[in-house]
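Next come the chains, spelled out residue by residue.
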Amino acid sequence: MIDVDKLTQQQAESELKRLAEEIAKADNAYYQNDAPYLTDAEYDDLKHYNAAIEEKFPQLVRKDSPSLRVGAKVQSKFNKIEHRFPMLSLGDVFSIEEVADFVTSVKRFLNTADDIDFMAEPKIDGLSFSARYENGKFVSGATRGDGIVGEDITANLRTIPQLPLQLPSGVPEILEIRGEVYMAKRDFLALNERTLQQGKKPFANPRNAAAGSLRQLDPRITAERKLSLWAYTWGEVSAPQWRTQGEFFQKLQEWGFPVNPLNKMCHSLRDMEENFAQMAVNRAGLPYDIDGIVYKVNSIALQERLGFLTRTPRWAIAHKFPAQQALTRINDIRIQVGRTGALTPVADLEPVNVGGVIVSHATLHNEDEIRRKDFRIGDMVVIQRAGDVIPQVVEVKKEYRSATSEPFVFPTKCPECGAHAMREEGTAAWYCTGGLTCPAQAKEHLRHFVSKEAFDIAGLGITVIEEFFDDGTIKNPVDIFTLEERNGSMEERDLFSVADDKGLHIEKRYGWGKVLLNRLFRAIDERRIISLPRFIFALGIPRVGAATAQMLAKHYGSFDALQNDMINKETAKLVAIDGIGAVMAQDMVEFFGEEHNQKVIADLRQYVTVEDYVDDAINNSPLSGKIIVFTGTLEQMTRAEAKALAQKLGAKVAGSVSSHTDLVVVGADAGSKAKKAAELGIKILAETEFLQMIEQK
Ligand code: IVH
């Protein structure tokens, strides 16, 4: 930028041309594509520079000057709606002195020395809308567009629950209510989380997310996004029923529109200053973004006398908060391991003050985001804070990049446990495969391990397991089963001897009664035999929930069968199971392939017996729980087949007849076993009878 005072007329002319183009391009990116590439500060600089040149060379103001435009052109894909009353913009100021100038100019215009009441309203950082009601019925809605013509978003607005569709009787026949659609911070974070999970580009801020959600050709998408709104002004009204902005808010409330409770009447400049300071402090804690305070002359009669400049009212102004952006350096890029094993890249920043808060790290979201924006260690970057939303890295200032810098390479190993990391197909997220042994995931895994559908140990709920984890009593699932052993004797002793011995002595440390602790130990004992579906689920294999565990158990019958297939990488067999896809199969093979997982499983199985799966159908089968002996030569199947069949139906197959035998199946040439069975009065079936019996079920 050239110093305005030093510009020649010719230079000024070419600068204005360049600025008009550049600002139009930035506007387009911001308004049409919801993808700004300039920071707010850079954009403001351009606008101010343009304004300064125009002030010095008023004869050079272009027809397409950015100072004469409000927003952007209407996106062609939406129907257009011409506003009956233009949707105006507001002049911006950045200091209390400028607010004072504004108040003075209002008084001068009205030729009065009296104090004037102003309504101070939080300036919501969203997207303005206009909603038209005819005879109390919502008929159409529009965006601001360029202020004259907006986009028809009737169907989209309809999906926002806060917008009343039918107003009570007594409202003006024609009534246009205007306000701001926004996305609350938590809804924004949740949306971005989902967006990232789908491997898509996250929204830069709640404003862009709101705009992207509202301007959807398919209103069903709008309906899925959580949008909110505040009403704050009006357009065409057949018969206004209010004399002040305050009265208008009262009406709005009566009619069922959301009105910001932080709107505040100010009787003096002092009130305005105090309110601004207060809001600047409260801002971060608000559930939505605001970027300043709007002051409006309270009296409508005075507003009408004051009227308008080209595109802004003389009776209102916006006092903006200082920019929430700053330039700093990425000192390092660390990988954080979340409780579920997700690997998130985080930028360690040279600490910098952003709008009064020191920021020293920011999320870089995921591998794709790093690649897209080409973030590198050592880069100078623009960071941005919006309220209490996690600081974002907006962009890299490539002009400061060192010649020796290199692109960031996403690690393929978990920085916490060294297990290999994998990236899910179709998503942008990397995961640590160290599941059972990764310290970052240990607590979450323990919680999962004792949850209702897993081991479900009475007395070892989430709260207790967290306490035991935090003080080191239980660090991994195996520790649960050595708890009693490690606790030491519960004989009464004095405190000295307790301190001497190596036991955990939970009863002493937690003040648990002996009875309670014994009950816990017995509850743990009860789970030393566990059903196959519970055990599979408890392992916390990525994406394997309780229902999948059930399917796997049914299919494989025993843990060994499952584990063998997994170690042999038999994914084809897995995928053949209805409900198991290729991605899950791959996850499972990888999980079982990890040495540390194998070790934990082996350790666990020293203390825990995993029952073979018994199908419900088997429970009802006539062979369930029966001890069977086969003898003689079978004709319709081999002995091995018969044995497998019986086992599949829940029977135990024994080699010799005893008093415990429930059933003997005899083939041709049966010998001593058949005789013994007869002596003992045990039920005897011929091969065909046996087959009939199991077919019946
Ligand atoms: S009044 C003529 N009140 O700020 C008055 N605007 O820079 C027009 N905004 O387009 C607007 N909160 O999108 C008004 N309480 C508020 C506002 C507000 C946010 C936005 C609105 C407007 C822009 C003007």
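Above this text sits the structure in question.
This text gives an overview of the structure that appears in the document.

Rules of the game
Residues numbered from 1 in each chain as written. Predicted model: local features only at pLDDT ≥ 70, side-chain atom pairs only at ≥ 80, totals over all residues. Heavy atoms only, no water. 1 Å grid on protein atoms, 1.4 Å probe; cavity = no way out; pocket = protein on both sides within 12 Å on 5 of 7 lines; lining within 4 Å. Points joined across faces, edges and corners; volume = space filled by probe spheres on them. Helix = DSSP H or I, 4+ residues; strand = E, 2+ residues; numbered from the N terminus. Nonpolar A, V, L, I, M, F, W, Y, C, P; charged D, E, K, R; others polar. Buried < 20%, exposed > 50% of the residue type's maximum accessible area, 1.4 Å probe, protein only. Salt bridge = Lys/Arg side-chain N within 4 Å of Asp/Glu carboxyl O. Pairing = 2+ DSSP bridges. Axes fitted to C-alpha atoms, helices over the stretch in contact; angles between N-to-C directions.

1. Quick notes on the layout of surface pockets
By volume, the second largest pocket amounts to about 800 Å³. What lines the second largest pocket is a set of 28 residues, and nearest its centre among them are Glu193, Leu196, Thr344, Thr363 and His365. Those elements that provide at least two residues to the lining of the second largest pocket are helix H5 (185-197), strand E12 (325-337), strand E13 (342-354) and strand E14 (357-363). Residue contributions to the lining of the second largest pocket peak at six residues, all from H5. Across the lining of the second largest pocket, the residue classes break down as twelve nonpolar, twelve polar and four charged.

2. Remarks on unusual backbone geometry
Although it is not a glycine, Asn111 sits at a positive phi angle of roughly 55 degrees. Tracing the backbone shows Asn111 in the loop between helix H3 (96-110) and strand E3 (118-124). Here Asn111 falls in the exposed class, since its relative accessible area comes to 70%. The backbone phi angle of Lys569 is positive, close to 55 degrees, even though this residue is not glycine. Tracing the chain through its elements places Lys569 in the loop between helix H21 (559-567) and helix H22 (571-575).

3. Quick word on the pattern of salt bridges
Where charged atoms from two side chains of opposite charge come close, those side chains can pair. Scanning all chains against the criterion turns up 39 salt bridges. Note that Asp348 is salt-bridged to Arg334, the shortest N-O span being 2.9 Å. With Asp348 in strand E13 and Arg334 in strand E12, this pair connects stretches of sequence that are 14 residues apart. With a relative accessible area of 30%, Arg334 lands in the partly exposed category. Between Arg376 and Asp374 there is a salt bridge, with the nearest N and O atoms lying 3.1 Å from each other. Take Arg376 and Asp374: they sit in the same class, and that class is buried.

4. Remarks on the sheet that holds strand E5 (residues 137-143)
The strands that make up a sheet are held in pairs by hydrogen bonds between backbone atoms, and each pair lies either parallel or antiparallel. Judged by pairing direction, the sheet is antiparallel, and its four strands sit side by side in the order E5-E4-E7-E8 without closing on themselves. Every other strand in the sheet has two partners, leaving E5 and strand E8 (228-237) as the edge strands with one partner each. Each neighbouring strand pair of the sheet contributes to a mean axis angle of 30 degrees, computed without reference to strand direction. Of the pairings in the sheet, the one linking strand E4 (residues 127-134) to E5 comprises six bridges and is antiparallel in character. Bridged to Phe129 within E5 is Thr143.

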